[in-house]
Amino acid sequence: CVGLCGCCWALRPRYKRLVDNIFPEDPEEGLVKANMEKLTFFALSAPEKLDRIAAYLSERLTRELNRHRYGYVCIAMEAMEQLLLACHCQSINLLVESFLSMLRLLLEADKPHLYILATNSFVKFANIEEDTPSYHRSYDFFVSRFSEMCHSEHEDLYIQNKIRVSGIRGLQGVVRKTVDDELQVNIWEPRHMEKIVPALLVNLQQHINTNSDSPAEQTEVCFRELLSRAAYGHITNAIRPVLMHLDIHSLWEGPSFAVQCFQIIMYSIQSQHSHLVIQQLLGHLDANSRSPASVRAGIIEVLSEAAVIEASGSVGPTVLEVFNTLLRQLRQSVDYQLTGYYDNAAKHKTTSDEEKTLQDAVIKTIGSFANTLPVYQRSEVMLFIMGKIPVPGIYPALGSPNSGRMIQVMLLKSLLQVSEHYESTNLLTALPSSFLEPLLSFTLMEEPEIRLLVLSILTSLIDRHHNAASPTQMHQFLDVQHAQRLYRHVYLTCKEESSGKGHYQALITLLAVLSIELVNNEVLVDLIRLVLALQELALSSHEGLSTFNRCGVHAVCATFLYLLSQLGPPPELQQHVTQVIENRQKNAPHLLPDSVFSEEPRLPEGELMADKAFLLDQSKICEALTGSSYSVHIECFNTPYTPQLTDEDRLSKRKSIGDIISLQIDMGPDQCPDAQQVPSTEQITFETLKNTIEDSGSLEEEERRRRMQVMERFQTAPFEEIAAHCGARTSLLQSKLDQVFDLIVRPPPSPSGHPSHRSTPLYEMKFPDLSVY
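Residues numbered from 1 in each chain as written. Predicted model: local features only at pLDDT ≥ 70, side-chain atom pairs only at ≥ 80, totals over all residues. Heavy atoms only, no water.

Q: Please give an account of the overall build of the chain that cites residues and values.
A: Across its full length, the chain holds 34 helices and 0 strands. Of all 773 residues assigned to the chain, the portion counted as buried reaches 49%. Total accessible area on the chain stands at roughly 37700 Å², and carbon and sulfur atoms take up 53% of it. (Helix = DSSP H or I, 4+ residues; strand = E, 2+ residues; numbered from the N terminus. Buried < 20%, exposed > 50% of the residue type's maximum accessible area, 1.4 Å probe, protein only. Areas by Shrake-Rupley, 256 points an atom, 1.4 Å probe, with all protein chains shown as cover.)

Q: Outline a negative patch on the surface, listing residues and values.
A: A contiguous patch of negative charge on the surface is contributed by Glu 25, Asp 26, Glu 28 and Glu 29. Note on placement: Asp 26 falls in the loop between helix H2 (14-21) and helix H3 (33-45). Note on Asp 26: relative accessible area 32%, which makes it partly exposed. (Patch = residues over 30% accessible without salt bridge, like charges linked within 9 Å, V, L, I, M, F, W, Y side chains within 5 Å. Salt bridge = Lys/Arg side-chain N within 4 Å of Asp/Glu carboxyl O. Lys, Arg positive; Asp, Glu negative; His and termini not counted. Charge placed at Lys NZ, Arg CZ, Asp CG, Glu CD.)

Q: Can you lay out the environment of Asn 237 for me, pointing to particular residues and giving the numbers?
A: With respect to the secondary-structure elements, Asn 237 resides in helix H12 (residues 235-248). Judged by relative accessible area, which is 19%, Asn 237 ranks as buried. Each C-alpha atom, one on Asn 237 and one on His 192, is 9.4 Å from the other, the two residues being 45 residues apart in sequence. When residues no more than four places from it in sequence are discounted, the contact partners of Asn 237 are Trp 188, Pro 190 and Met 193. (Contact = heavy atoms within 4.5 Å.)

Q: Explain the pattern of salt bridges to me, and be specific about the residues and the numbers.
A: Enumeration over the complete set of coordinates arrives at 20 salt bridges. Salt bridges here are not isolated pairs; linked through shared partners, they connect Asp 20, Arg 60, Glu 64 and Arg 69.

Q: Could you give me a rundown of the nonpolar core, with the residues and numbers involved?
A: Phe 223, Trp 252, Phe 262, Ile 265 and Ile 528 are the most contacted members of the largest nonpolar core, which has 208 residues in total. In terms of residue count, the dominant contributor to this core is helix H25 (residues 521-539) (12 residues). Not counting chain neighbours up to four residues away, the residues in contact with Ile 528 comprise Leu 561, Leu 564, Leu 573, Ile 621, Leu 625 and Phe 637. (Core = buried A, V, L, I, M, F, W, Y, C linked by side-chain atoms within 4.5 Å.)

Q: Hey, could you go over the side chain of Gln 280 for me, with residue numbers and the actual values?
A: Considering the arrangement of structural elements, one finds Gln 280 in helix H14 (residues 274-287). Only 3.5 Å separates the side chain of Gln 280 from the backbone oxygen of Thr 236, close enough to count as a polar contact. Beyond its immediate sequence surroundings of up to four residues, Gln 280 is in contact with Thr 236, Ile 239, Arg 240 and Leu 243. (Polar contact = N/O pair within 3.5 Å; in protein donor to acceptor, adjacent residues only side chain to side chain.)

Q: Explain the packing of H2 against helix H4 (residues 50-66) residue by residue, including any values.
A: Between H2 and H4, whose axes approach to 10 Å, the crossing angle comes to 45°. Comparing their axes, H4 and H2 come out oblique. At the point where H2 passes H4, the crossing takes the right-handed sense. Of the residues in H4, those in contact with Tyr 15, Lys 16, Val 19 and Asp 20 of H2 are Arg 52, Ile 53, Tyr 56, Leu 57 and Arg 60. Here the residues of the contact of H2 with H4 are counted per class, giving 5 nonpolar, no polar and 4 charged. (Axes fitted to C-alpha atoms, helices over the stretch in contact; angles between N-to-C directions. Parallel < 35°, antiparallel > 145°, perpendicular 65-115°, else oblique. Left-handed = near helix turned anticlockwise from the far one by under 90°. Nonpolar A, V, L, I, M, F, W, Y, C, P; charged D, E, K, R; others polar.)

Q: Account for the side chain of Arg 164, naming residues and giving values.
A: Relative to the helices and strands, Arg 164 resides in helix H9 (residues 157-178). With residues near it in sequence (within four places) discarded, Arg 164 still touches Met 149, Cys 150, His 151, Ser 152, Glu 153, Val 202, Asn 203, Gln 206 and Pro 215.

Q: Tell me about the packing of aromatic side chains, residues and numbers included.
A: Each aromatic ring pair is specified by the distance between its two centres and by the angle formed by the two planes. Summed over the entire model, instances satisfying the criterion amount to 14 aromatic pairs. On the numbers, 5.3 Å between centres and 55° between planes, the contact of Phe 99 with Phe 125 is tilted. Placement of the pair is Phe 99 in helix H6 (residues 93-108) and Phe 125 in helix H7 (residues 112-126), with a sequence separation of 26 residues. By the burial criterion, Phe 99 is buried, and Phe 125 matches it. The rings of Phe 99, Phe 122, Phe 125, Tyr 139, Phe 141, Phe 142 and Phe 146 are connected pair by pair, giving a single aromatic cluster. Just above the ring of Phe 23 sits the side chain of Arg 60; from NZ or CZ to the centre is 4.0 Å. The side chain of Arg 145 reaches across the aromatic face of Tyr 115, ending 4.8 Å from its centre. (Phe/Tyr/Trp six-rings, centres within 6.5 Å; stacked < 30°, edge-to-face > 60°. Lys NZ or Arg CZ within 6 Å of the ring centre and 35° of its normal.)

Q: Give a detailed account of the environment of Leu 226, specifying residues and quantitative values.
A: Examined against the element boundaries, Leu 226 turns out to sit in helix H11 (residues 215-228). Given the relative accessible area of 1%, Leu 226 is considered buried. For the pair Leu 226 and Val 197, spaced 29 residues apart in sequence, the C-alpha to C-alpha distance is 9.3 Å. Each residue touching Leu 226, except ones within four places of it in the same chain, is listed here: Val 175, Trp 188, Met 193, Ile 196, Val 197 and Leu 200.

Q: Let's hear about the environment of Thr 119: which residues, and what values?
A: Here Thr 119 lies in helix H7. A relative accessible area of 0% places Thr 119 in the buried class. Residues in contact with Thr 119, not counting those within four places in the same chain, are Phe 146, Met 149, Ser 166, Arg 169 and Gly 170.

Q: Help me get a handle on H7, residues and values and all.
A: Under the 1.5 Å per step criterion, the end-to-end length of H7 is 21 Å for 15 residues, consistent within 8% with the ideal 21 Å. For H7, the full list of buried residues reads Leu 114, Tyr 115, Leu 117, Ala 118, Thr 119, Ser 121, Phe 122, Val 123, Phe 125 and Ala 126. (Expected span 1.5 Å × (residues − 1).)

Q: Describe in detail the packing of H6 against H7, supporting the description with residues and values.
A: The geometry of H6 relative to H7 is characterised by a closest axis approach of 8 Å and an angle of 155° between their N-to-C directions. In terms of orientation, H6 and H7 fall into the roughly antiparallel class. The handedness of the crossing between H6 and H7 comes out as left-handed. Packed against H6, whose contacting residues are Val 96, Phe 99, Leu 100, Leu 103, Leu 106 and Leu 107, the element H7 presents Leu 114, Tyr 115, Leu 117, Ala 118, Ser 121, Phe 122 and Phe 125 at the interface.

Written out as structure tokens, the structure reads:
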């Protein structure tokens, strides 16, 4: 029998004998290296035998695996690895199918050490650069199996980590093997990405281990490599599973894992593809418009961090889309805050605090995005935001009065965020008329918060050298017309009785920045005239200002003129201002900022009396400037500064955004008298026509009361009453037009005093044909 067996073994094919010879009698001895060299030499000499060698090695591995002889299983895998390395330049495709089938067997076995063995072999194979194309390989099984290993829940934590790390390394090998080979399976297809990405993210969350073999660290390496290899058309498929995973596991809320995840993404992908990630996040934010405020805030926080990383400004063509989406979220949040629900069905409640947190996050994100843009695009963004703000008298009201006012505040805060990072070498570029005029209209609103925001925005835009905190002298020039607009609105802002401590402090800062950035002889004189006009305003008892307001304006005047006196005028001016301040410190501290702007202002009881020693004296100021380079402008002091009211002021003076209704319909039914007959002897003059068409003016207080009545009527009156009111106004206008036409067609009075017959109107006369020529 022994002889017969020997004869049968001798008759076996040579490649089988060579394969059998590499297995020792004791598996612990390992691969027989001398015999392995013979097998490798034979494989290289007869490459047509490679597929048979590989098939037989696979057969041996299957047999040993079924017998649980794992030592021989390891020897078979080692032999196959050496053959792959030796033969890859010639006919590696003949080995690969058998090799992959051997790996499948190991991965299907319920033995963790075999998982690790198969993974190590696959990684070695993935690092081999092949010279010949392959057509019929499939890695679907390996994607699924390695992803499954990443989710291992083995009871032994050490073994669990080993299995997970092996799964991650296996996925990394699949990516390396397939990503650059067009003939291989497209690893970027959604069906593969939806397995790979969640498997990586699950392990990325685990930061409990700090050693180099921890799943979290290994996952980050794999995740970065995957993203770095993503081409333009693959970004969407790679990011969508990330968004889905964060949604399913509620990871937008709480600890900022989502932020860390997208930081890895933004730093790993190619920079020219960053805007695609931004687009994905924007779309996801819109898709979650009906989600809780915490979820929306989490997505917006990620957007903000992504914008900071994307410092090259490659937001690209989606710039306005970004800001439009964020502003839309602000609008929706305001609606949710007012209704108390974040869905149309009024089933899911939200709180004011949650929505305010979201709004702060949106405003911060707007600033982050704007900070990544070049200067010219920031200008466009500011104009875009300004175009979204409901401006009194220009844009229609948005929703309820509260909603409109809150939207104004939110958008102005957003504008402030953009302006804080705006740096322009030309103030005419920073403050074009199309931007400045609607912005200044808000300084006349009665809501203190809105006025304070506008003052802060103006300060940010003008303060190009960041002097608001530590002023230093800078000489720049501003268009005179722009400067006059700013002076006028500063003056009108001081007339507001609702101004508080913050408004006056903001005014001081704005005036200080104006003087530093724009100061020259002419501007300085204009500013002194403005200060003197403000002082007269505070002294006047006809403006209806409270004692606090009047003290606040006096404090603004003293503080600002003290700063102004140090920017170039003769020392005599500073001496006068210093003397006034010292007098106030002794006997009238309530006229200085330290007192009036403290937490508990110390105000005088009764009527405010200002002694001449406490006031800035125009004659002494002129005397101080005489003989200096400012002498040529001294004559300007003879004309007191008086701001001219414009249509913009009349349009802007509204109680709230709810007052933006119809500017033509502002008379009550009791103010619509029947048209009176004009005496027959009245002559037609320009004043006649003007007085006939226009209503006579009224005092400002009466005008304000009347507008309040109009606002209340249009907010509370039924539609029928409003329609009747509009009809009455139309009838009044028609009657006045009839008066005008009657004056036009009526003949002049007869010299004899007798009334003449009504002449034929010109438009009814018939002229002979010859007259036409």
